[in-house]
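# Observations on the model geometry
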Amino acid sequence: HFLLFALALGLTLAAGQDVDDEGRKPHIIIIMADDLGFDDVSFRGSNRFLTPNIDALAYNGVIINELYTPAMCTPSRAALLTGKYPINTGMQHYVIVNDQPWGLPLNETTMAQIFRANGYRTNLLGKWHLGMSQRNFTPTARGFDHHLGYLGAYVDYYDQTYKQNGKPYARGHDFRHDLKVSRAEVGHYVTDVLTDAAVQLITAHNATAQPLFLLLSHLAPHAANVDDPMQAPMEELAQFEYLTNLTERYYAAMVSRLDRSVGRVVEALARQQLLEHSIVLFLSDNGGPTLGDHATTASNYPLRGQKHSPWEGGIRSSAAIWSKRFSRLGRVWRQRFYIGDVLPTLAAAAGIQLNSSLQLDGLNLWPALMYDYGAVEREIVHNIDDSVPYVSYVHGRWKFVNGTTSDGQYDGWLSQRHNESDPRAAHYEETIRNTSVWQQLQLLRDDLASINISALREEAAVKCRAPKPDDAPCLPLEGLCVFDMDEDPCEQNNLYEKMRDGRLINEYLQRIEEFRRKARPPANKPADPECDPRYYNKEWT
């Protein structure tokens, strides 16, 4: 594997820049869902509701089988944009609440800054959530040429307001065109607002002048404010009347509108003849919240835990990527991949040489992705948060969990599949093949080999091991848990007692301590009541 990796890397570097035959750098399109459950894309096998456009992208491209993210919004976005673990940027503890005056440290270089410095037109549509208390925390000061969207945690889907729980602040509007307040979107469904903006941006982009970098950072399917958390257009909701639980029905409609967005973006790229020269990545920022705060009925089946937990259900994202450059399309890639790998991997795809002074934790896995092999036995620090406290760490097949969040109340297997099924599932393959995403991507295929949708769907499904009589439970508030993730992806059998006297355990515990010693202290700051929107014309400012 190492020799293959070195050979492929050498081929990439020898080319000078990874550009197409006409010397063009690829357009980079990242579509990020917010709080989407691991099992809430139907290419994983669920028929609760279908996501035909996302599935078509996945089957025609590459399903990234093990893409890992931090378990919450702010640290996940920090890792994406910096290529670093949150422990190395001070973003490891919880999220930035709207009334807290802190943000991604200003000495950190973002992906947007890197791509802009290398000739890209950089755009962010949607959620930021990396600081808003100072202008220099905001997107257009962090490398984005343009931002349309909201700066804080979430907003109402129709009026783009945010009401902070447990505080006497006024309800505030949070939606801006760059730094200018924009109320033109009030009354319009925000998923559609962001999709319309993406289509307009793609349509207006001058590809001969510079390549396009677009991060479409959706609100969907995150819950809105607690007084009205589940929101969707009535015509979308009407498609899911077979779901008897009303919250589930709304959630299905919210995801469905997100799926439509993926379809419209791919259509726009194709219409402008940009698709052939694009890399399109779809992912979620973290697992979904099945229960508790901002719960949406999101399903992380069959994984353990949910958002804001150390378990796979909080940190494993369903993701897919498409590029015409891949040596083989229509496959499942099993290399473990961290969200912090996105920056160096896409930089390599664009022929961008990264300065070693950036000290990234992410790896360039572009050659392995292009040529379809597992390059490295990946080490990932999911998190070390001593203020909770908990640790979640993986090295190769071995995962370590010590401590947990929320006093362990969301540590179990919270999701099950049930019998209510999308009527379209009876003709699943036909539904996928009838999408415009499928048809546009098929037009760009060089080989004539057919794609076996059923086989790919089966391969992308996660299967838990059968329980055994000698399985040991994991009680993370009482002691260390160790899992063999190759054999036990659902974290059912704690191997610590069997392995505690071995060299492996001590080596990895020492490694964790090394990361802990080098970690930056959390950058969190206490709330500042002077941010109350009533002082700023009912705007979060």
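Use the structure listed above.
What you see is a predicted model, and the numbers here were worked out from it, not measured in a lab. (Residues numbered from 1 in each chain as written. Predicted model: local features only at pLDDT ≥ 70, side-chain atom pairs only at ≥ 80, totals over all residues. Heavy atoms only, no water.)

## As for the packing of aromatic side chains
Given two aromatic rings, their pairing is described by the distance between the two centres and the angle made by the two planes. Per the counting criterion, the structure on display carries 21 aromatic pairs. A centroid spacing of 6.4 Å and a plane angle of 45 degrees characterise the contact between F144 and F213, whose relative ring orientation is tilted. Here F144 is found in the loop between β3 (121-127) and β4 (146-150), whereas its partner F213 is found in strand β9 (residues 212-217), with 69 residues between them in sequence. Both residues of the pair, F144 and F213, count as buried. Here the aromatic rings of F326 and W366 are separated by 5.5 Å at their centres, their planes lie at 50 degrees, and the arrangement is tilted. (Phe/Tyr/Trp six-rings, centres within 6.5 Å; stacked < 30°, edge-to-face > 60°. Helix = DSSP H or I, 4+ residues; strand = E, 2+ residues; numbered from the N terminus. Buried < 20%, exposed > 50% of the residue type's maximum accessible area, 1.4 Å probe, protein only.)

## Some points on the sheet that holds strand β15 (residues 398-403)
Strand order in the open sheet made by the four strands is β13-β14-β15-β16, with antiparallel pairing throughout. Looking at the sheet topology across the chains shown, the edges are occupied by β13 (379-385) and β16 (481-484). Pairwise comparison of adjacent strand axes, ignoring direction, gives a mean angle of 10 degrees for this sheet. As paired elements, β15 and β16 share four bridges and run antiparallel to each other. If you follow K399 over to β16, its bridge partner there is F483. The strands touched by helix α15 (residues 503-518) within the sheet are β13, β14 (390-395), β15 and β16, with β14 carrying the most contacts at an inclination of about 120 degrees. (Pairing = 2+ DSSP bridges. Axes fitted to C-alpha atoms, helices over the stretch in contact; angles between N-to-C directions. Contact = heavy atoms within 4.5 Å.)

## Focus on the state of the cysteines
Here the structure, examined in full by the defined rule, presents two disulfides. The disulfide partner of C474 is C481, and the S-S distance across this bridge is 2.0 Å. Because the torsion about its S-S bond is 90 degrees, the bridge between C474 and C481 counts as right-handed. This pair shows no difference in class: C474 is buried, exactly as C481 is. With cysteine numbering restricted to those in disulfides and following the sequence, the chain has the pairing 1-4, 2-3. With no disulfide of its own, C73 lies closest to C531 among cysteine sulfurs, the gap being 19 Å. (Disulfide = S-S within 2.5 Å.)

## Some points on the sheet that holds strand β11 (residues 316-323)
Judged by pairing direction, the sheet is mixed, and its 10 strands sit side by side in the order β8-β7-β4-β3-β9-β1-β10-β11-β2-β12 without closing on themselves. Strands at the two margins of the open sheet, each flanked by one partner only, are β8 (180-181) and β12 (331-338). Inspection of the sheet shows β3 paired to β9 by six bridges, in the parallel sense. The partner of G126 across the bridge, within β9, is S217. Across the sheet, helix α5 (residues 190-204) touches β3, β4 and β9, and the angle it forms with β9 is around 175 degrees. Across the sheet, helix α7 (residues 246-271) lies against β1 (27-33), β9 and β10 (278-284), angled at about 170 degrees from β1, the strand it touches most.

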